[in-house]
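# A structural walkthrough
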Amino acid sequence: MEKFTKVTGIAAPMPLVNIDTDMIIPKGFLKTIKRTGLGVHAFDEMRYDRQGNEIPDFVLNKPQYRKTEILVAGDNFGCGSSREHAPWALADFGIKVIISTSFADIFFNNSFKNGMLPIVLPQEQVDLLMSDAEKGENARMTVDLEAQEITTSDGQVIKFEVDAFKKHCLLNGLDDIGLTLEKATAIDTFEGQAAQSRPWV
Amino acid sequence: MSAPKTLYDKIWDAHVVSEDADGTCLLYIDRHLVHEVTSPQAFEGLRMAGRQVRCPEKTIAVPDHNVPTTEGRETHIDNEESRIQVEALDKNARDFGINYYPVTDIRQGIVHIVGPEQGWTLPGMTVVCGDSHTATHGAFGALAHGIGTSEVEHVLATQTLIQKKSKNMKVEITGQLKPGVTAKDITLAVIGKTGTGGGTGHVIEYCGEAIRALSMEGRMTVCNMAIEGGARAGLIAPDETTFAYVMGRPHAPKGAQWEAALTWWKTLFTDEGAHFDKVITIRGEDIEPVVTWGTSPEDVLPISAVVPAPEDFTGGKVEAAKRALDYMGLTPGQKLTDIAIDTVFIGSCTNGRIEDLRAAAEIVKGKKVKEGMRAMVVPGSGLVRAQAEEEGLAQIFLDAGFEWRLAGCSMCLAMNPDQLGEYERCASTSNRNFEGRQGYKGRTHLVSPAMAAAAALTGHLTDVREMM
């Protein structure tokens, strides 16, 4: 996995609440057996009409937001289906950070596994960043994971929390499976004990 | 004496392999369910890294999302991409030696129906699947939740998951349900009250007299939609109803092991005085048959209500409600019972079990679906289908004008050919009414099986109590 340290880029506002993973990547694109190439279909039904033409009103179709790297989104982003195709599509589009007041659990975890950073902030701070994002391409935010800071286009600094283990993995681009396999002895021991205490499993 | 624990605490503690100083745990996984849509990339990852499936005997695969529900699918699937995914699962199951129920097997069905049916799901287990409705298995007092494909690969390779413990939430349904009110109405009513983010960061334990009175089928319906309330998982403490359901299933313990298991299972309840971070209580008597009007499962109202106006809401929900009303083609103030329906879908991991089909057949018996109505029953598994045929339910549906399909996820997510056309409107027993969920521009109203059956007969959303 690619390392995540610091991003300076365009932030796009998506204030709609409850943006679900069906919206982020509709079911028609789940039939792939690869992880790549889904960016062009991110938000497909909001982004294109039935003929495949771009819908000009959709935020990521607007000239100033076509190279968005940071999404500032409404509450409960990523709810619904567990499909990791949703973070795959966003990452493939070029999104590196998503900021909201809350995320659905599975989407939140899936994002970290794909080198993306979801950030939870209180409503007033999300509102402030939403306003900043509305300024378009001239408004570039910086998200610094090491320092746990977001800097708005006009220099305001907002601190954020992140799980220490997840931060460590992102900063170093670590593969979870490799890390867990270092604990193989502990897994062996657990299985040995469970075979005694719960032999029916 | 140790501090009182919740049911969630007990199952969690029994599965911690290791814990880091910051609370990050390695959690052991007892059962890993796999389907064709969220697994190909995970198996590919294993191959590329030269890894094996650590516990093939604890891994169970079944194709369900993509498979057509019409005859002839064993030999041919028209959609090439769907066919490739199903073939990939065939190959992966074979190559890695995991338990598998292909479409040719009568036990094939929706993964969350097959697991319990075959006795793979047992009380006190940890169960995961690359599917958010894994929450279903919580009905057995198993800690069960959906994971992403990276985590699927992680579980395949290590039989563990990296997790931090969630908070405890209690949802109590007191008293008794009124006639015509079902498990589906309970679970929708809860989401209507808490919102789709109300359970975020929590594991819900459902309890109370009304929950205790539910069959295993009903409990699975309740837990299935815990995810729609944002919860990581839903749980119901196992009891005699659970044990009676599990006993004798193909993969349930037998003999002395059954006795040993039972002894442990009987300790799986929340201790008196255990701490919950959040508590919701609803009186069973207050729950009416409900229906969703919008594009989020929290958009729930009693069938006797009218379509709301955006001004009825606050914050970000005002814009969301405007968008939902526009998408759904509804007008504020319109009676819900005046909403005309052209499609009825009875099935899914929420409501595709035998009890659901019985409830729908009860309403349909001896009647005909409204002219022009497309009404479809998709049993949750081949075994549910066979049982429904044996009980005469299939004939009731066929006589009434329903299509009687083969098992699969079908129109719940419409990945197979069972889809809504643009602006078609469906009374659906499934779990999500998201934009485009059942087909591009399709409109979904979530209801119980009995309510769906009633709508099929009248051609509009209907209070099933008037037909009982």
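Computed from a predicted model, the values in this text were never measured in an experiment. (Residues numbered from 1 in each chain as written. Chains lettered and ligands numbered in written order. Predicted model: local features only at pLDDT ≥ 70, side-chain atom pairs only at ≥ 80, totals over all residues. Heavy atoms only, no water.)

Right, let's get into the overall build of chain A. The helix and strand tally for chain A stands at 8 helices and 7 strands. Reported as C-alpha extents along the three principal axes, the dimensions of chain A are approximately 60 × 40 × 25 Å. Relative to its 201 residues, chain A shows a buried fraction of 57%. Contacts in chain A between residues at least 24 apart in sequence constitute 64% of all its contacts with a sequence separation of at least 6. When the accessible surface of chain A is summed, it comes to about 8,200 Å², and 49% of that surface belongs to carbon and sulfur atoms. Here chain A contributes 21 positively and 29 negatively charged side chains, and the mean placements of these two sets differ by 5 Å. (Helix = DSSP H or I, 4+ residues; strand = E, 2+ residues; numbered from the N terminus. Buried < 20%, exposed > 50% of the residue type's maximum accessible area, 1.4 Å probe, protein only. Contact = heavy atoms within 4.5 Å. Areas by Shrake-Rupley, 256 points an atom, 1.4 Å probe, with all protein chains shown as cover. Lys, Arg positive; Asp, Glu negative; His and termini not counted. Charge placed at Lys NZ, Arg CZ, Asp CG, Glu CD.)

This part takes up unusual backbone geometry. Where the residue is not glycine, phi is negative for most of them; where a peptide bond is considered, it is trans in most cases. Residues and elements named next belong to chain B. We note that Gln159 has phi near 60 degrees; this positive angle belongs to a residue other than glycine. Summarising the element assignment, Gln159 is placed in the loop between helix H5 (149–158) and strand S8 (160–163). In this structure Gln159 comes out as buried when scored by relative accessible area, which is 0%. In the Ramachandran plot, Ser410 falls in the positive-phi region, its phi being about 55 degrees despite a non-glycine side chain.

Next up on the list: the interface of chain B and chain A. Listed per partner, the contact involves 78 residues of chain B and 53 residues of chain A. Overall, the association of chain B and chain A removes approximately 5,300 Å² of surface from exposure, summing both partners, and the carbon and sulfur fraction of that is 57%. A per-residue breakdown of the area chain B buries against chain A is headed by B:Gln41, B:Arg54 and B:Tyr440, which together make up 12% of the total. At the boundary of chain B and chain A, one finds 10 salt bridges. Taking the shortest distance from any N to any O, the salt bridge between A:Arg198 and B:Asp30 comes out at 3.0 Å. Counting across the interface, chain B meets chain A through 29 residue pairs in polar contact (both at pLDDT 80 or more). The set of elements that each furnish at least two residues to the side of chain B that touches chain A consists of strand S1 (16–19), strand S2 (25–28), helix H2 (40–49), helix H3 (80–96), H5, S8, helix H10 (255–265) and helix H11 (316–328) of chain B. Looking at the side of chain B that touches chain A, the element that brings in the most residues is H5(B), giving 7 residues. (Buried area = accessible area lost by both parts, 1.4 Å probe. Salt bridge = Lys/Arg side-chain N within 4 Å of Asp/Glu carboxyl O. Polar contact = N/O pair within 3.5 Å; in protein donor to acceptor, adjacent residues only side chain to side chain.)

All names here are of chain B. Here, UniProt's "binding site: [4Fe-4S] cluster" (unreviewed entry) annotation points to Cys349, Cys409 and Cys412. The named residues occupy 64 residues along the chain; their greatest pairwise C-alpha distance, 8.7 Å, places them in one compact cluster. Position of Cys349 among the secondary structure elements: in helix H12 (residues 348–351). Beyond its immediate chain neighbours, meaning those up to four positions away, Cys349 contacts Ile110, His112, Ile113, His133, Thr136, Asn224 and Asn431. In this structure, Cys409 sits in the loop between strand S17 (403–404) and strand S18 (425–428). With near-sequence residues (within four places) excluded, Cys409 lies in contact with Asp64, His65, Ile110 and Phe345. (UniProt positions renumbered as here; feature names shortened; annotations may be inferred.)

So, on to helix H4 (residues 105–113) of chain A. Since the α-helix packs 3.6 residues into each turn, any two residues three or four apart lie on the same face. Counting buried positions over the 9 residues of H4(A) gives 7, a clear majority of the element. Burial in H4(A) covers these residues: A:Asp105, A:Ile106, A:Phe107, A:Asn109, A:Asn110, A:Ser111 and A:Phe112.

Before going further, it helps to spend a moment on the packing of helix H13 (residues 354–364) of chain B against helix H16 (residues 449–458) of chain B. In a packed pair of helices, the relevant descriptors are the angle between the two axes and the axis-to-axis distance. All names here are of chain B. Here H13 crosses H16 at 30 degrees, and the two axes come no closer than 8 Å. In this structure, H13 crosses over H16, and the sense of that crossing is right-handed. Each of Asp356, Ala359, Ala360, Ile363 and Val364 in H13 lies in contact with H16, whose residues at this interface are Pro449, Ala450, Ala453, Ala454 and Leu457. Class assignment for the residues of the contact of H13 with H16 results in 9 nonpolar, no polar and 1 charged. (Axes fitted to C-alpha atoms, helices over the stretch in contact; angles between N-to-C directions. Left-handed = near helix turned anticlockwise from the far one by under 90°. Nonpolar A, V, L, I, M, F, W, Y, C, P; charged D, E, K, R; others polar.)

Bringing the packing of aromatic side chains into the picture now. What the rule picks out here adds up to 17 aromatic pairs over all chains. Taken together, a centroid distance of 6.0 Å and an interplanar angle of 65 degrees make the contact between B:Tyr8 and B:Trp12 edge-to-face. You can see B:Tyr8 and its partner B:Trp12 sitting in helix H1 (residues 7–13), 4 residues apart, about one turn around the helix. As far as burial versus exposure is concerned, B:Tyr8 and B:Trp12 are alike and both buried. Counting every residue linked through ring pairs, the aromatic cluster contains A:Phe77, A:Phe103, A:Phe107, A:Phe108 and A:Phe112. The ring centre of B:Tyr245 lies 3.8 Å from the NZ or CZ of B:Arg249, which sits over that ring. (Phe/Tyr/Trp six-rings, centres within 6.5 Å; stacked < 30°, edge-to-face > 60°. Lys NZ or Arg CZ within 6 Å of the ring centre and 35° of its normal.)

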